[in-house]
Amino acid sequence: MTGDEWKQFAFGQPRTAKLATTRANGAPHVAPIWVALDGDEIVFTTGETTMKGKALRRDARVALCFDDEAPPFSFVIVEGEARISEDATELLAWSTILGGRYMGNERAEEFGRRNAVPGELLVHVHPTRIVGQHGVSE
């Protein structure tokens, strides 16, 4: 997939990403997350005490998977480096965007306020490698 194709697939409709990080003991950890796009970077939030938050503090390397579970099946895998921000204003802005993207514009502010609280982290992922394929079963 080209740059425009992978972005359209991953962000053209609200679909969750599956975030892969590494636990302190080296074991993998995967969790679904809400995501938005900021230019070429992927944005999400997580709690600093979650497995994701702890893992990101230790190791900024991540992978995200977006997939279509219906035939003919498609996917995008993004590998990248995460950058954490605790800026309250930025966190509220992106939490509101994420809330609107997944819950609808009428609930955007509600979810923004709910998720932009102390202890939440804003994460920007700069992609370093992207692999995607349309129509796997064709």
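> What is the right way to read the nonpolar core from this model?
Most often, soluble globular proteins have nonpolar side chains that are buried together. With 26 residues, the main nonpolar core has Val35, Ile42, Phe44, Leu64, Phe66 and Val125 as its most contacted residues. Elements that contribute at least two residues to this core include exactly helix 1 (3-11), strand 1 (17-22), strand 4 (41-47), strand 5 (61-68), strand 6 (74-85), helix 3 (88-103) and strand 7 (120-133). Those residues within four positions of Val125 in sequence are excluded, and the remaining contacts are Asp40, Glu41, Ile42, Phe44, Val62, Leu64, Gly80, Glu81 and Ala82.

> Before we go on, may I ask you to explain the packing of aromatic side chains in this structure?
Where two aromatic rings form a pair, the distance of their centres and the angle of their planes describe that pair. Tallied over the entire structure, the rule returns 4 aromatic pairs. Ring plane angle 45° and centroid distance 5.8 Å describe the contact between Trp34 and Phe111, whose orientation is recorded as tilted. Of the two residues, Trp34 is situated in the loop between strand 2 (28-33) and strand 3 (36-38) and Phe111 in helix 4 (residues 108-115); the sequence distance between them amounts to 77 residues. For Trp34, a relative accessible area of 28% gives the class partly exposed. Here the aromatic residues Trp6, Phe11 and Phe66 are joined through ring pairs into a cluster of three or more.

> Teacher, can you tell me more about the environment of Asn25 here?
Checked against the element boundaries, Asn25 lands in the loop between strand 1 and strand 2. Residues Asn25 and Thr96 lie 71 residues apart in sequence; the distance between their C-alpha atoms is 34 Å. Of note is the side chain of Asn25, whose polar atom sits 2.9 Å from the backbone nitrogen of Ala27.

> Help me understand the sheet that holds strand 2, please; the structure alone is not making it clear to me.
Sheet strands pair by backbone hydrogen bonding; their relative direction is either parallel or antiparallel. Strand order in the open sheet formed by 7 strands is 2-1-5-6-7-4-3, with antiparallel pairing between adjacent strands. At either end of the open sheet lies a strand with only one pairing partner, and these are strand 2 and strand 3. Averaged over all pairs of adjacent strands, the angle between their axes in this sheet comes to 35°, without regard to strand direction.

> Would you mind showing me how to read the side chain of Thr21 here?
With respect to the helices and strands, Thr21 occurs in strand 1. Looking at Thr21, the relative accessible area reads 5%, which means it is buried. Once residues within four sequence positions are removed from consideration, Thr21 is found in contact with Ala27, Pro28, His29, Ala55, Leu56 and Val62.

> Where do I start with helix 4 in this structure?
Note on helix geometry: an α-helix contains 3.6 residues per turn, so any two residues three or four positions apart are oriented the same way. Residues of helix 4 that are buried: Ala108, Phe111, Gly112 and Asn115. All buried residues of helix 4 lie within an arc of 105° about the axis, which places them on one face of the element. Exposed and oriented more than 90 degrees from the buried face of helix 4 are Glu109, Arg113 and Arg114. For helix 4, the secondary structure elements touched by its buried residues are helix 3 and strand 7.

> I tried to follow the pairing of strand 6 on my own but got confused; where do I start?
Regular strands place their side chains on alternate faces of the sheet. The sheet contact formed by strand 5 and strand 6 spans 8 bridges and is antiparallel. Residue pairing across strands places Cys65 opposite Ile77, the latter belonging to strand 6. In this structure, the hairpin formed by strand 5 and strand 6 is closed by a connection of 5 residues, where Phe73 is found at a positive phi of approximately 65°. In the sheet, strand 6 pairs with strand 7 via 11 bridges, with the strands oriented antiparallel. If you follow Phe75 over to strand 7, its bridge partner there is Gln133.

> Just checking my understanding: could you explain the environment of Asn115 for this structure?
Looking at where Asn115 falls in the secondary structure, it is placed in helix 4. Residues Asn115 and Gly47 lie 68 residues apart in sequence; the distance between their C-alpha atoms is 9.1 Å. Every residue in contact with Asn115, bar those within four places of it in the chain, is listed here: Leu91, Ser95 and Glu120. Among the polar contacts listed, one links the side chain of Asn115 to the side chain of Arg114, at a separation of 3.3 Å.

What counts as what
Residues numbered from 1 in each chain as written. Predicted model: local features only at pLDDT ≥ 70, side-chain atom pairs only at ≥ 80, totals over all residues. Heavy atoms only, no water. Core = buried A, V, L, I, M, F, W, Y, C linked by side-chain atoms within 4.5 Å. Buried < 20%, exposed > 50% of the residue type's maximum accessible area, 1.4 Å probe, protein only. Helix = DSSP H or I, 4+ residues; strand = E, 2+ residues; numbered from the N terminus. Contact = heavy atoms within 4.5 Å. Phe/Tyr/Trp six-rings, centres within 6.5 Å; stacked < 30°, edge-to-face > 60°. Polar contact = N/O pair within 3.5 Å; in protein donor to acceptor, adjacent residues only side chain to side chain. Pairing = 2+ DSSP bridges. Axes fitted to C-alpha atoms, helices over the stretch in contact; angles between N-to-C directions. Arc of directions from axis to C-beta.

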